[in-house]
Amino acid sequence: FGYCDGACMSAKKDGMSNIGGFLALNDDVLAQKCKNMLILTEGYPTYGGLAGYDLEALAVGLEEVLHEDYLQYRIRSVEYLGDRLTKAGIPIVQPPGGHAIYIDAKAMLPHIPLDQFPAWAL
C-alpha cells in the first residue's frame, strides 16, 4: 500500500460476508479522525463492531473468494450483465471488469448538466 493514500474493502463483496470491511490510510491524523467516527457509528476499532461469527465468516470468505472457479464465475457474471446492459442501449463504463458495473450517467442523461449531478439523478 506504499503507492496509495488509502484503500477500502467491502467484505460483502470481496469477503463473501454479510457484514464488514476495512479502511486503511497512510495519513495518521486522518486515520485517527476516522477511528473517532467509527466509535460513533460502528463500534471500537479493536473489533470493528463485528460479532465473532461475523469475523469467522469473513475469514472463511476471504479464503474462498480466491478460488479460481469462483473468480471465473464472478468475472463472467459481471461480463454477462455488462453485455446485456450494452445490448439494451444502457451506456456503461467499459470494460466492465470483474467487480461492478458502472452506468455512464453523463451519456445516459445528457440533458442534465454536470453541475446538477446526473449520476445522483439516475
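Just above sits the structure.
What comes next is a walk through the structure. Position numbers for residues start from 1 in each chain and track the written sequence from start to end. Side-chain atom pairs in this predicted model are given and counted only at pLDDT of 80 or more, local residue features only at pLDDT of at least 70, and totals for whole chains, interfaces and linings cover all residues. Hydrogen atoms and water are omitted, and side-chain values are computed over all heavy atoms in the structure.

1. Observations concerning the overall build of the protein
Step number 1: Only DSSP runs of H or I covering at least 4 residues are called helices, and only runs of E covering at least 2 are called strands; the numbering of each starts at the N terminus. When helices and strands are tallied, the protein shows 6 helices and 2 strands.
Step number 2: Starting at the N terminus, the α and β elements of the protein follow one another as β-α-β-α-α-α-α-α.
Step number 3: For the protein, the spread of C-alpha atoms along the three principal axes comes to 45 × 40 × 30 Å.
Step number 4: Counting the 122 residues in the protein, one finds 19% classified as buried.
Step number 5: Distance from the positive charge centre (9 side chains) to the negative charge centre (15 side chains) of the protein: 8 Å. Only protein chains enter the calculation, and the probe is 1.4 Å; a residue is then buried if its accessible area is under 20% of its type maximum, exposed if over 50%, and partly exposed in between. We treat Lys and Arg as the positive residues and Asp and Glu as the negative residues; His and chain ends play no part in the count. Note on charges: their place is set at NZ of Lys, CZ of Arg, CG of Asp or CD of Glu.

2. Some remarks on the side chain of Ser 17
Step number 1: If you trace the backbone, Ser 17 turns up in the loop between helix H1 (11-14) and strand E2 (21-25).
Step number 2: The exposure class of Ser 17 is buried, given its relative accessible area of 7%.
Step number 3: Counting of polar contacts relies on pairs of N or O atoms within 3.5 Å, with two restrictions inside protein: one atom must be capable of donating a hydrogen and the other of accepting it, and residues adjacent in sequence are counted only when both atoms are side-chain atoms. Only 3.1 Å separates the side chain of Ser 17 from the backbone oxygen of Ile 19, close enough to count as a polar contact.
Step number 4: The contact rule is simple, with two residues in contact once any of their heavy atoms fall within 4.5 Å. Not counting residues up to four positions away in its chain, the partners in contact with Ser 17 are Ala 11, Lys 12, Asp 54, Ala 57 and Leu 58.

3. Section: the packing of aromatic side chains
Step number 1: Centres within 6.5 Å are what make two rings of Phe, Tyr or Trp a pair, Trp counting through its six-membered ring; a difference in plane orientation under 30 degrees is then read as stacked, over 60 as edge-to-face, and the rest as tilted. Per the stated rule, a full pass over the model turns up 1 aromatic pair.
Step number 2: An angle of 45° between the planes, with centres 6.4 Å apart, marks the rings of Tyr 70 and Tyr 73 as tilted. Placement of both Tyr 70 and Tyr 73 in helix H4 (residues 68-87) is noted, with a separation of 3 residues, approximately one turn of the helix.

4. Digging into the pattern of salt bridges
Step number 1: Here, a salt bridge means any side-chain nitrogen of Lys or Arg that lies within 4 Å of a carboxyl oxygen of Asp or Glu. One pass over the structure, following the stated rule, counts 1 salt bridge.
Step number 2: Here Glu 79 ties to Arg 76 by a salt bridge, and the two come within 2.9 Å at their closest N and O atoms. Of the two residues, Glu 79 and Arg 76 are both situated in helix H4; the distance of 3 residues between them amounts to about one turn of the helix.

5. Some details on unusual backbone geometry
Step number 1: Cis geometry is adopted by the peptide bond preceding Pro 95, which originates at Gln 94 and carries an omega value of -10°.
Step number 2: Relative to the helices and strands, Pro 95 is located in the loop between H4 and helix H5 (105-108).
Step number 3: With a phi angle near 50°, Met 16 is a residue other than glycine that sits in the positive phi range.
Step number 4: Even without glycine at this site, Phe 117 takes up a positive phi of about 55°.

6. As for the pairing of strand E1 (residues 6-10)
Within a regular beta strand, the side chains point alternately toward one face of the sheet and then the other, so they alternate between its two faces.
Step number 1: Residues Ala 7 and Met 9 of E1 are buried on one face, while the alternating residues Gly 6, Cys 8 and Ser 10, pointing to the opposite face, are not.
Step number 2: Between any two strands, pairing holds if DSSP finds at least two bridges. Relative to E2, E1 runs antiparallel, the two being bridged by 5 bridges. Across the sheet, residue Ala 7 finds its bridge partner in E2, namely Ala 24.

7. Observations regarding helix H2 (residues 28-41)
Step number 1: For H2, spanning 14 residues, the distance from its first C-alpha to its last is 20 Å, which sits close to the expected 20 Å at 1.5 Å a residue.
Step number 2: Capping of H2 at its N-terminal end is provided by Asp 27; its side-chain oxygen lies 2.9 Å from the backbone amide nitrogen of Val 29. Helix span is expected to be 1.5 Å times the residue number reduced by one.

8. Some remarks on helix H3 (residues 52-64)
One turn of an α-helix holds 3.6 residues; hence residues three or four places apart share an orientation.
Step number 1: The end-to-end C-alpha separation of H3 is 18 Å, in line with the 18 Å expected for 13 residues at 1.5 Å each.
Step number 2: Turning to H3, its buried residues are Asp 54, Leu 58 and Gly 61. Burial along H3 is one-sided: seen end-on, the buried residues are contained in an arc of 65°. Opposite the buried face of H3, by more than 90 degrees, sit the exposed residues Gly 52, Tyr 53 and Glu 56. Each direction from the helix axis to a C-beta atom contributes to the arc, which is the arc of those directions.

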